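Summary of the model geometry
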Amino acid sequence: MAEARRTLAVLGAGKAGEALISGVISARWREPDEIVATARHQEHLDGLAERHGIRTTLANAEAAEGAGIVVIGVKPQDIESLLGDIAGTVTPEQTVISIAAAIPTALIERHLADGVPVVRAEEVLSSVGRAVRVDEPYMDAITAVSGSGPAYFALLAESMIEAGILLGLSREISTDLVVQTMLGTAKLLRDEKMHPVELREAVTSPGGTTIAAIRELEQAGVRAAFLNAIQAAMQRSKELAKG
């Protein structure tokens, strides 16, 4: 059994929580027996235990009790209930880390005992991927751009796959082409440090196929739609934070 101070409790281990668990184990920052996770459904917990070898429980207070680090990963609509569960359990000797979207750390602090540190820890988050440090007021923008970002890319991928099918490709081939194209593009932007404009211009020949497609996208207002959509996501994040 892991020492209590080494225990990492992940409360609300959904997609983000499981990604954190996987990253922490892969980075050897914690061993599986040093992690305990909670969720609303036993079936999901059984899957977490099977995939990662961690301990699980339906009881948030049980998971949080004595854990050195308590990670809060629930959705905004579930935060009040979770904090009610653990308010009498978490002590100032523990550290609470929030990965919950749209929830400011100040709101969490108000529900816990005085002196309980509530942070967004870079060391833990870096075990999953790249972490950036911003001031708390910018967290709504982070949620809108990155937290909701996978859905934007998924929608784009879905649209491109359907277009390939419309043009006569099988769903399997169209999906493989789109996924590999997105992966290759992401690697160029990240690893080669290419600016998006530079990359777009590199594959856009005068009078060619790409510029014809770009013209259609611009005329359809795709760029403005993304700006408006992400701004709407940020506004919704602010509304959720206010309850």
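The sections below set out a description of the structure shown in this document. (Residues numbered from 1 in each chain as written. Predicted model: local features only at pLDDT ≥ 70, side-chain atom pairs only at ≥ 80, totals over all residues. Heavy atoms only, no water.)

1. As for the packing of aromatic side chains
Here is the rule we go by: By convention, a stacked pair of Phe, Tyr or Trp rings (six-membered ring in the case of Trp) has centres within 6.5 Å and planes under 30 degrees apart, an edge-to-face pair has planes over 60 apart, and any other such pair is tilted. Two conditions define a charge located above a ring, namely a distance within 6 Å from the ring centre to NZ of Lys or CZ of Arg, and an angle within 35 degrees of the ring normal.
Applying the stated criterion across every chain, the model contains zero aromatic pairs. Its guanidinium or amino end placed over the ring of Trp 29, Arg 30 lies 4.2 Å from that ring's centre, counting from NZ or CZ.

2. Brief notes about the side chain of Thr 57
Note the cut-off: Every helix listed is a DSSP run of H or I at least four residues long, and every strand listed is a run of E at least two residues long, numbered separately from the N terminus. Summary of the burial criterion: residues with accessible area below 20% of their type's maximum are buried, those above 50% are exposed, and those between are partly exposed, where the area comes from a 1.4 Å probe applied to protein chains only. Under this definition, polar contacts are N or O atom pairs within 3.5 Å; protein pairs additionally need one hydrogen-donor-capable and one acceptor-capable atom, and for neighbouring residues in sequence, both atoms have to be side-chain atoms. Residues count as neighbours in contact if any of their non-hydrogen atoms are within 4.5 Å of one another.
Looking at where Thr 57 falls in the secondary structure, it is placed in strand β3 (residues 55-57). Assessed through its relative accessible area of 9%, Thr 57 is described here as buried. Among the polar contacts made by the side chain of Thr 57, one reaches the main-chain amide nitrogen of Ala 59 at a distance of 3.1 Å. Separated by 3.3 Å, the side chains of Thr 57 and Glu 62 make a polar contact. Those residues in contact with Thr 57 that lie beyond four places of it in its chain are Val 36, Ala 37, Thr 38, Ala 39, Leu 45, Glu 62 and Ala 63.

3. Description of the nonpolar core
Applicable threshold: The nonpolar core is taken to be a set of buried Ala, Val, Leu, Ile, Met, Phe, Trp, Tyr and Cys residues, with the residues joined through side-chain atoms within 4.5 Å.
Among the nonpolar cores identified, the biggest contains 22 residues, and Leu 11, Ile 72, Leu 83, Ile 86, Val 96, Ile 108 and Leu 112 are the most heavily contacted of them. Mapped by element, the contributors of at least two residues to this core are β1 (8-11), α3 (60-64), β4 (69-72), α4 (79-86) and α5 (105-111). Top contributing element to this core by residue count: α4, with four residues. If sequence neighbours within four positions are ignored, Ile 72 has contacts with Leu 11, Ile 79, Leu 82, Leu 83, Ile 86, Val 96, Ile 97, Ser 98, Ile 99, Ala 100 and Ile 108.

4. Some thoughts on the layout of surface pockets
Note the following rule: In this analysis the probe radius is 1.4 Å and the grid spacing 1 Å, with only protein atoms considered; a cavity is a set of points the probe fits into but cannot get out of, a pocket is an open set with protein on both sides within 12 Å along at least five of seven lines, and lining residues have an atom within 4 Å of a point. Grid points are joined across faces, edges and corners, and a volume is the space filled by probe spheres set on the points. Three classes are used: nonpolar for Ala, Val, Leu, Ile, Met, Phe, Trp, Tyr, Cys and Pro, charged for Asp, Glu, Lys and Arg, and polar for all others, with Gly counted as polar.
There is about 1,700 Å³ of room inside the second largest pocket. Forming the boundary of the second largest pocket are 29 residues, of which Leu 156, Arg 200, Ile 214, Leu 217 and Phe 226 lie nearest the centre. Of all the elements, helix α8 (residues 149-166) adds the most residues to the lining of the second largest pocket, at seven residues. Grouping the amino acids of the lining of the second largest pocket by side-chain chemistry returns 21 nonpolar, five polar and three charged.

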